[in-house]
Amino acid sequence: MKLDPSFIWTAFVGLLPAIPTTLILTLVSVTCGFVIGTGTALARMYRIPVLAQIASGYVTFIRGTPMLVHLLLIYFSLPLLIDALSAQFDLGWNSAKVPMIAFAFVSFSITAGAYMSEVVRSGLMAIDRGQMEAALSVGMTVPQAIRRIVFPQAVAAALPNLTNSVIGMLHGSTLAFTVSVVDLNAKAQIVASTNWKYFEAYLAAAIIFWGLTIAIERIAAAIERRISLYSRGGVA
Amino acid sequence: MIRLSGIRKSFGRQEVLKGIDLHVGKGEVVAILGPSGSGKTTLLRCINYLEKPGEGEIRIGDQALDARRAGKKDVHALRRRSAMVFQQYNLFSHKTALENVMEGLVVVKKMSKDEARKRGIALLEKVGLGAKLDAYPSRLSGGQQQRVGIARALALEPEVILFDEPTSALDPELVGEVLAVIRRIAKEGITMIIVTHEMGFAQDVANRVVFMDEGVIVEEGPPAQLFGNPKEERTRQFLKRLTPEASYTI
Ligand SMILES: Nc1ncnc2c1ncn2[C@@H]1O[C@H](COP(=O)(O)OP(=O)(O)O)[C@@H](O)[C@H]1O
Ligand SMILES: [Mg+2]
C-alpha cells in the first residue's frame, strides 16, 4: 500500500463541509435523547403507574438491539405511518417529502433516550434520600423537590457519563450514511471513491472525529468545573 | 398547638409506634427521650409526614389530618405547618447557606427574592453564620451546617419545629454551639419538639420531657419531676444508663 500524505490534507479539506451535518445529528439526538431519557428515568424512579412499565420496556428493547437496527426500523416504518396518517386525516403529507436526515433524528433520539435514561437514573440514585426529604419538609411538592433539588444534583453527578453518551452519539451518528445522509463518514467515502484513496480519506475523517471528541471533552470538563463547584467545597 | 391521637406505624410486621397520644401547646418545648430504636425518629417523621402513619390523627394548628383518609393536599398543607431539623443536617448540597434558607421562602412561600434574601441574611446572622452566607455545605463544619438547618427551619415560621437528635452526628466540641442556638430560639416562644440524648440540655430547655420506649410513651412530665423522681421503672433504668455518658453536657 502506498500512502499519499498530501491526499490526507485534500480529503481533510473536502470533509470540512460535512462537519455541520455530523454536529447537528449529534446535537439533536443528544438533546432529544436527554429529554426522553429524563422522562423515562423519572417514570421508573418514582414508579409512575403504566408509564414506568412502558419506560422499562423501551429501555430494555432499545438497549438490547443495535442502533443500526433502530435506524432501519424507523426508516422503513415511519414513511408508512406518515402516509397512513396523511390519508386518514387528509393532511396532504407525503413521506417522500420528508428529508432523510429526519429519520436519523428520530431514530438516534430514540436510541440516545434509552442510554441516557440509564445515565440519568444512576445520577438520581446517587442523590441521598435526605435531599428529597429536606425539600418536602420545607413544604415543597414532589415535582418541585425533583425540579429544584434532586434533579440538578443528579445531572451534576451524571455529567461524566452524560459526556460519554454525547461522544457515543457523535460516533454513532456515522450510521446515518445508511439512509443516505452525508455526514463526515459518508463524505469520506465520497471523497475517497473519486480517487480510490480510502485509507487517506478515512484517516482524515478519524482525525476530525478525534478533534471533535477532544472538543466535547474540554467543554464537558469546563461545565463540570462550574456545576460541581459545590461538591468540591467551593464558595459561590 | 399540636395534637397527636392514636398514631400507629408498622414497618412490615414490626410495629414501631403503638398508639401515640401527645399534646404540645403553643410555645411549649417538649424533649423526647428514649433508647435507640424506640420509635422517636419515626414519630417525628410521621408528624412531618415523611413517613405515613398506619392510623391516627395529626393536628397542627387549624390543620387536622386522619392518616387513613389523607389526600395529597392535606399532607402538603400539614407539612407546611411544621419544619424539620435533621440529624444528618440534609442541607441542599448544591445551594449555598443563604440559598438553603431562601429556597423554601421563594418556592413555597412565594416570597420575592429580595425579601427572602433579607430574611435569610438576618436568620443566618442570628445563628452566628453571617460570615458564611455564600459557602456551600461541603465547606461548613457539622455545627455550622446544623445551624444553617435551624435557620432554614426558622425561616418558614412553622407552627412547630421538629428536631431529630440535632447534635448526635456532631463532634463533641461542636455540640455546644448548636445547643446554644436552640436554647436561644426556645426562649422566643417557638414551639419545638426535640429528640435528644443531651439530658442537661433537655432539663433546662424543655417545659416537658417525654420518655418513649418500644413504641409507646412510658411517662411524661416536667423535667424536674421526670429526671428527679421518675414514676416508672423503665424510665429509671434508662436514666441510670444514660447519666454516666452524659458527662460532656453543659
Ligand atoms: N424505613 C424503615 N424500614 C424498616 N424499619 C424501620 C424503618 N425506619 C425505622 N425502622 C425501625 O423502626 C424502629 C424505630 O426506629 P426509629 O424511629 O429510628 O427509632 P429511634 O429514633 O428511637 O432510635 C427501629 O427498630 C428501626 O429499625
Ligand atoms: Mg432516631
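It should be emphasised that the depicted structure is a prediction, and the values quoted were computed from it without experimental measurement.

What is the right way to look at the site of ligand 1 in this model?
Residues and elements named next belong to chain B. Lining the immediate environment of ligand 1, one finds Phe11, Gln14, Val16, Pro35, Ser36, Gly37, Ser38, Gly39, Lys40, Thr41 and Thr42. Between ligand 1 and glycine 37, the relevant distance is 2.7 Å, taken from an oxygen atom to a main-chain nitrogen or oxygen of the residue. Lysine 40 is positioned such that a nitrogen or oxygen atom in its side chain is 2.8 Å from an oxygen atom of ligand 1. Isolated, ligand 1 exposes 560 Å² of accessible area, and the fraction of that covered by the protein chains is 62%. Within the residue set of the shell around ligand 1, elements represented by two or more residues are β2 (14–24) and α1 (40–47). In terms of residue count, α1 provides more of the shell around ligand 1 than any other element does, three residues in total. Taken together, the residues that form the shell around ligand 1 break down as three nonpolar, seven polar and one charged.

What am I meant to see in the UniProt feature "domain: ABC transmembrane type-1" (unreviewed entry) in chain A here?
Using the residue numbers shown here, the UniProt feature "domain: ABC transmembrane type-1" (unreviewed entry) corresponds to residues 19–220 of chain A. Secondary structure within residues 19–220 of chain A divides into 81% helix and 0% strand; the distance between the first and last C-alpha atoms comes to 20 Å.

Got a minute to help me understand the pairing of strand β7 (residues 160–164) of chain B in this structure?
For a regular strand, side chains alternate in direction, first toward one face of the sheet and then toward the other. All names here are of chain B. Counting buried positions along β7 yields five of five residues, so the element is predominantly enclosed. Burial along β7 is two-sided: Val160, Leu162 and Asp164 facing one way and Ile161 and Phe163 facing the other are all buried. Bridging between strand β6 (residues 82–85) and β7 involves four bridges; their strand directions are parallel. Looking across to β7, one finds that valine 85 is bridged to phenylalanine 163. Sheet topology places β7 next to strand β8 (residues 192–195); four bridges connect them, and they run parallel. By the bridge assignment for β8, isoleucine 161 is matched with methionine 192. What joins β7 to β8 is helix α6 (residues 172–186), and the crossover it makes is right-handed.

Explain the sheet that holds β8(B) to me, please; I cannot follow it from the model alone.
Residue and element names in this part refer to chain B. The strand order β6-β7-β8-β3-β9-β10 describes an open sheet built from six strands, whose pairing is mixed. The open sheet has two edge strands, β6 and β10 (216–221), and neither has a second partner. Each neighbouring strand pair of the sheet contributes to a mean axis angle of 20°, computed without reference to strand direction.

Help me understand the UniProt feature "transmembrane region" (unreviewed entry) in chain A, please; the structure alone is not making it clear to me.
Residues and elements named next belong to chain A. Sites flagged by UniProt as "transmembrane region" (unreviewed entry) map to residues 6–36, 68–86, 98–116 and 201–223. The span residues 6–36 shows a helical share of 90% and a strand share of 0%, and its end C-alpha atoms are spaced 44 Å apart. Taken end to end, residues 68–86 is 100% helix and 0% strand, and its two terminal C-alpha atoms sit 27 Å from one another.

What exactly am I supposed to notice about the confidence of the model for chain B here?
When pLDDT is low, close inspection of the predicted coordinates is not appropriate. Scored by pLDDT, chain B has a mean of 94; 97% of the residues are at 70 or more. Overall fold confidence for the complex sits at a pTM of 0.89, while the interface term, ipTM, reaches 0.93.

Would you explain the interface of chain B and chain A in this entry?
Note on interface size: it is often stated as the accessible area lost on association of the parts. Every contact between the two is made by 29 residues of chain B and, on the other side, 26 residues of chain A. Among the residues of chain B in contact with chain A, Phe92(B), His94(B) and Tyr136(B) are the three that bury the most area, contributing 24% of the side total. Counting across the chain B and chain A interface gives two salt bridges. Put simply, Glu133(A) and Arg45(B) hold a salt bridge, and the shortest N to O gap is 2.7 Å. The interface formed by chain B and chain A holds nine residue pairs in polar contact (both at pLDDT 80 or more) in total. Where the side of chain B that touches chain A is concerned, the elements lending two or more residues are α2 (72–79), β6 and α3 (97–107) of chain B. In terms of residue class, the side of chain B that touches chain A is built from eleven nonpolar, nine polar and nine charged.

Please explain the sheet that holds strand β4 (residues 55–60) of chain B as it appears in this structure.
The pairing of strands in a sheet happens through backbone hydrogen bonds and is either parallel or antiparallel. Residue and element names in this part refer to chain B. The four strands are arranged β2-β1-β4-β5 in an open sheet whose pairing can be described as antiparallel. Lying at the two open borders of the sheet, with one neighbouring strand each, are β2 and β5 (63–66). The sheet shows a mean angle of 15° between the axes of neighbouring strands, taken without regard to direction. With four bridges connecting them, β4 and β5 associate as antiparallel partners. Looking across to β5, one finds that isoleucine 60 is bridged to glutamine 63. Relative to the sheet, α1 contacts β1 (2–11), β2 and β4, its axis offset from that of β1 by approximately 120°. α2 rests against β4 and β5 of the sheet, and its axis sits at about 135° to β5.

Any chance you could explain the packing of aromatic side chains here in plain terms?
This structure, assessed with the given rule, holds seven aromatic pairs over all chains. Where Phe211(B) meets Phe238(B), the ring centres are 5.0 Å apart and the plane angle is 35°; that geometry is what we call tilted. You can see Phe211(B) sitting in strand β9 (residues 208–213) and its partner Phe238(B) sitting in helix α9 (residues 233–242), a full 27 residues away along the chain. Just as Phe211(B) is buried, Phe238(B) falls in that class too. Taken together through their ring pairs, the aromatic side chains of Tyr75(A), Phe76(A) and Phe103(A) make up a single cluster.

Analysis parameters
Residues numbered from 1 in each chain as written. Chains lettered and ligands numbered in written order. Predicted model: local features only at pLDDT ≥ 70, side-chain atom pairs only at ≥ 80, totals over all residues. Heavy atoms only, no water. Near = heavy atom within 4 Å. Polar contact = N/O pair within 3.5 Å; in protein donor to acceptor, adjacent residues only side chain to side chain. Areas by Shrake-Rupley, 256 points an atom, 1.4 Å probe, with all protein chains shown as cover. Helix = DSSP H or I, 4+ residues; strand = E, 2+ residues; numbered from the N terminus. Nonpolar A, V, L, I, M, F, W, Y, C, P; charged D, E, K, R; others polar. UniProt positions renumbered as here; feature names shortened; annotations may be inferred. Buried < 20%, exposed > 50% of the residue type's maximum accessible area, 1.4 Å probe, protein only. Pairing = 2+ DSSP bridges. Right-handed = clockwise from strand over helix to strand, strands pointing away. Axes fitted to C-alpha atoms, helices over the stretch in contact; angles between N-to-C directions. pLDDT = per-residue confidence, 0-100. Contact = heavy atoms within 4.5 Å. Buried area = accessible area lost by both parts, 1.4 Å probe. Salt bridge = Lys/Arg side-chain N within 4 Å of Asp/Glu carboxyl O. Phe/Tyr/Trp six-rings, centres within 6.5 Å; stacked < 30°, edge-to-face > 60°.

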